[in-house]
Structures are given as structure tokens and as C-alpha cells.
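Now for the letters of each chain:
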Amino acid sequence: ATIGKVPIIRCPRGGAPEMVARKLNKMIAEHPTLLRNKSSLHRPLLVILDRNADLVTPVQHTSTYQALIDDMLKHKANRIEFEVANESAGGRGKPILKKFDLDPDEDEFYSKHKF
């Protein structure tokens, strides 16, 4: 309550974040001076997370179809290449190399989802 208001506390269920949130809520409930500020309509939000939660990667990495292709497949000049199991040999034969051209004018899905 350093800004004079009691925060709304949110955390994922289970684990250490929930334990900390429960203890903090209990401490707030035990202090009557803090409860007076709890009814304010504009309360700050306190989000408690585990240190193992990776919050940076989703912000730094683009979530587009084009970025997924860039990360997962071999490509050059809008041509992607990947290997698939040879089903005629029961999946045990030499993999088959597949090649596809990503042309936004010809591929409706790619055109719609690339950016």
C-alpha cells in the first residue's frame, strides 16, 4: 500500500505465486487501516508470477505465420523445403523431400496469415 491503495491481486493457480498471494491477502485482511482503501474503484493491479514464467519471449518474438516458417522450415526466396516420412516403406524408408513455393498471389492461406 505504498501508493495509498490496496491492489487487486492476481496470480496463476497452484505453486508459489498462489501461496504468496494468499499470504498477502491475509496480511491485508488483518490490517484494518488497509481495508478502508479497499473499496476504491480505481485500484492498482498486482500480478504475482513464478520466476520460471517466460514473459519476454512472446513479446520479443513476432507471432505471425511468416515468423513461424522462418523458425521451423528451411527456406530461400519464398520456397520452403522439408522432409516427410516415406509412407510406402512403412515410415522406415528414406525421407521424401517436399518443396513448396509461398506465393501470396496463389496461396490464399499464406496471403491471409503471413503478417
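Structure: see above.
Everything numeric here is computed off the predicted structure, so don't read it as measured data.

Cut-offs and rules
- Residues numbered from 1 in each chain as written.
- Predicted model: local features only at pLDDT ≥ 70, side-chain atom pairs only at ≥ 80, totals over all residues.
- Heavy atoms only, no water.
- Pairing = 2+ DSSP bridges.
- Helix = DSSP H or I, 4+ residues; strand = E, 2+ residues; numbered from the N terminus.
- Axes fitted to C-alpha atoms, helices over the stretch in contact; angles between N-to-C directions.
- Phe/Tyr/Trp six-rings, centres within 6.5 Å; stacked < 30°, edge-to-face > 60°.
- Buried < 20%, exposed > 50% of the residue type's maximum accessible area, 1.4 Å probe, protein only.
- Patch = residues over 30% accessible without salt bridge, like charges linked within 9 Å, V, L, I, M, F, W, Y side chains within 5 Å.
- Areas by Shrake-Rupley, 256 points an atom, 1.4 Å probe, with all protein chains shown as cover.
- Salt bridge = Lys/Arg side-chain N within 4 Å of Asp/Glu carboxyl O.

> Account for the sheet that holds strand 3 (residues 74-76), with residues named and values stated.
Remark on secondary structure: sheet strands pair via backbone hydrogen bonds, oriented parallel or antiparallel. In space, the three strands of this open sheet follow the order 3-4-5, with antiparallel pairing throughout. Every other strand in the sheet has two partners, leaving strand 3 and strand 5 (96-101) as the edge strands with one partner each. Within this sheet the neighbouring strands show an average axis-to-axis angle of 25°, counted without direction. Bridge count between strand 4 (residues 79-84) and strand 5: six bridges; the pairing is antiparallel. In the sheet register, Ile80 faces strand 5, and the bridge partner there is Phe100.

> Can you tell me about the packing of aromatic side chains, naming the residues and giving the values?
Counted by the stated rule, this structure contains one aromatic pair. Taking the centre distance of 5.8 Å and the plane angle of 20° together, the rings of Phe82 and Phe100 count as stacked. Here the residue Phe82 occupies a position in strand 4, and Phe100 occupies one in strand 5, the gap between them amounting to 18 residues. For Phe100, a relative accessible area of 42% corresponds to the partly exposed category.

> Could you give an account of a nonpolar patch on the surface, naming the residues involved and the relevant values?
Taken together, the side chains of Leu45, Val47, Leu49 and Leu55 make up a nonpolar region of the molecular surface, amounting to roughly 380 Å² of accessible area. Mapped onto the secondary structure, Leu45 falls in strand 2 (residues 45-47).

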